[in-house]
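Structural characterization, general
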Amino acid sequence: MSPIIDAIERGSLTARRGFLNEKEVADKFNNWRYDEDAQKWLQIMHYDIKDIEGVEAIVLSGHYKTDVQVQVTIYLKKAIDIRNIQVKLVSNDNGFNQIERRRVDKYAGLWNMPSDVRSILRRYTGEDAPTISNPRDPRRMFADEFSIREQNVVLEWLRKNQILIVSDILKGRGEFAAEWMLVAQKVAFNARWVLKPMNYCLNFFGNGVVEITNQGNFRIGKITMQRKGGDGGRDSAKDLQFKINPAKLFD
C-alpha cells in the first residue's frame, strides 16, 4: 500500500514540518495545488484532487467549534462544498486541551439540567459554598466529597444525557458545527497530523464509562469534566470545564 493511500485510510501521516496555528492550516488549504498535506486532507474528506477547481479556507473567530472553514469548488458543479474543521494543536502526547467551559447555569439552560444537579455542580465549581465540614479545598467541593446519593444523581444525569453533552462540547450546533477534527503537532520539524470525521471523534472521546476519577473529578469516556481553576483567582476559575487529550487520536 502506498503512503498516500495508507494516509487516506488511517487519516494520519508524518509532516515535514509542524503547524504553528490555525492560520497556517488555512494557508495550507489555500495552497492546495502545491501542498501535499492539504491534498491528503482533501482526499480524506472524500474529494478527488483532479475534480477540484478551487479551494478557499478561512479562519473563524468567535465562540465556534469550527476553527477553519474550507470551501471547495468542483469542476462542472454550480454548488460549493463547505467543510468545517476543528483544529487542535498539541506539543506532546500528554497535553490536555480545553474544549468547552461555561458557567454551570449556562449549561443548565442548554441541557435542561434539574435543580438538584445544578446545585451539586455549583458547589463543585465553587459558585456556591461547600456544604460539608473541612472540605479539601475551602472554595469548593470535589466530586467524591458529595454524599453517595448526590454523586449518583450527577452520574445518572450525565449517563442519561451523555450523547447530547458530548455532541455539544465537541461538535457544537448550527451552521458552524464542526464536521472534522484535525490534530496537528505544534513543533518545528518531524511533526504529524491526524484528520478524523467528527462522528468518529464523538464516539472515540465520548463513548465509555461515566465515573468519578481518583482526583475527584467527573469523567465521560475520555472527557474530563472539572472546575476550571487557575486564572489568577479570577471569577472565571469557577467555570465548568471539559478537557480531552487530542493526541489520543494518534494511537
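Nothing here was measured: the structure is a model prediction, and the numbers come from that model. (Residues numbered from 1 in each chain as written. Predicted model: local features only at pLDDT ≥ 70, side-chain atom pairs only at ≥ 80, totals over all residues. Heavy atoms only, no water.)

**Details of the environment of Val-210**
Here Val-210 shows up in strand β8 (residues 210-212). Accessibility expressed as a relative area gives 3% for Val-210, which makes it buried. Val-210 sits 54 residues away from Glu-156 along the chain, and the two C-alpha atoms are 8.6 Å apart. Not counting chain neighbours up to four residues away, the residues in contact with Val-210 comprise Leu-155, Leu-158, Arg-159, Gln-162, Arg-219 and Ile-220. (Helix = DSSP H or I, 4+ residues; strand = E, 2+ residues; numbered from the N terminus. Buried < 20%, exposed > 50% of the residue type's maximum accessible area, 1.4 Å probe, protein only. Contact = heavy atoms within 4.5 Å.)

**A look at the confidence of the model for the protein**
In the predicted model, the protein carries a mean pLDDT of 90, and 90% of its residues have values of at least 70. For the stretch residues 1-5, pLDDT sits under 50, and the model shows five contacts to residues farther than four places along the chain or on other chains. (pLDDT = per-residue confidence, 0-100.)

**Some points on unusual backbone geometry**
Phi at His-46 takes a positive value of approximately 75 degrees, unusual for a residue other than glycine. Here His-46 shows up in the loop between α3 (36-44) and β2 (52-59). Looking at His-46, the relative accessible area reads 67%, which means it is exposed. The residue Asn-112 is not glycine, and still its phi comes out positive at about 55 degrees. Considering the arrangement of structural elements, one finds Asn-112 in the loop between α4 (104-111) and α5 (115-125). Accessibility expressed as a relative area gives 67% for Asn-112, which makes it exposed.

**Remarks on the environment of Gln-69**
Looking at where Gln-69 falls in the secondary structure, it is placed in strand β3 (residues 68-74). For Gln-69 and Ile-58, which are eleven residues apart along the polypeptide, the C-alpha to C-alpha distance reads 5.5 Å. Beyond its immediate chain neighbours, meaning those up to four positions away, Gln-69 contacts Glu-56, Ala-57, Ile-58, Leu-60, Ile-82, Arg-83, Asn-84 and Phe-176. Polar side-chain contacts of Gln-69 include one of 2.9 Å to the side chain of Asn-84. (Polar contact = N/O pair within 3.5 Å; in protein donor to acceptor, adjacent residues only side chain to side chain.)

**A closer look at the nonpolar core**
Leu-121, Leu-170, Ile-223 and Phe-242 are the most contacted members of the largest nonpolar core, which totals 43 residues. Once residues within four sequence positions are removed from consideration, Ile-223 is found in contact with Ile-99, Val-166, Ile-169, Leu-170, Phe-205, Gly-206, Phe-218, Phe-242, Lys-243 and Ile-244. Counting residues in each nonpolar core, the second largest holds 25 residues, with Val-25, Val-68, Leu-89 and Trp-180 among its members. (Core = buried A, V, L, I, M, F, W, Y, C linked by side-chain atoms within 4.5 Å.)

**Examining the pairing of strand β11 (residues 240-244)**
Two faces belong to every sheet, and in a regular strand the side chains alternate between them. A large share of β11 lies buried, amounting to four of its five residues. Note that strand β5 (residues 97-102) and β11 share five bridges and pair antiparallel. Of the residues in β11, the one forming a bridge with Glu-100 is Phe-242. Of the strand pairs in this sheet, strand β10 (residues 223-227) and β11 are connected by four bridges, and their pairing is antiparallel. In the strand pairing of β11, Met-225 is matched with Phe-242. (Pairing = 2+ DSSP bridges.)

**Here's the deal with α5**
Two residues of an α-helix separated by three or four positions point the same way, owing to the 3.6 residues in each turn. Three or more residues of α5 are buried, namely Val-117, Ile-120, Leu-121, Arg-122, Arg-123, Tyr-124 and Thr-125. Elements in contact with the buried residues of α5: α4, α6 (148-160), β9 (218-220), β10 and β11. Remark: Gly-126 follows α5 within two positions and exhibits a positive phi of approximately 95 degrees.

**Thoughts on the pairing of strand β6 (residues 180-185)**
Burial runs high along β6: six of the six residues are buried. The alternating pattern of β6 places Trp-180, Leu-182 and Ala-184 on one face and Met-181, Val-183 and Gln-185 on the opposite face, and all of these are buried.

**Quick look at the packing of helix α7 (residues 162-170) against helix α8 (residues 198-206)**
Packing of α7 against α8 brings their axes to within 10 Å, and their N-to-C directions diverge by 125 degrees. Viewed along their axes, α7 and α8 adopt a mutual orientation that is oblique. Of the two possible hands of crossing, α7 and α8 adopt the one that is right-handed. Contacts between α7 and α8 involve Gln-162, Val-166, Ser-167 and Leu-170 on the former and, on the latter, Met-198, Cys-201, Leu-202, Phe-205 and Gly-206. (Axes fitted to C-alpha atoms, helices over the stretch in contact; angles between N-to-C directions. Parallel < 35°, antiparallel > 145°, perpendicular 65-115°, else oblique. Left-handed = near helix turned anticlockwise from the far one by under 90°.)

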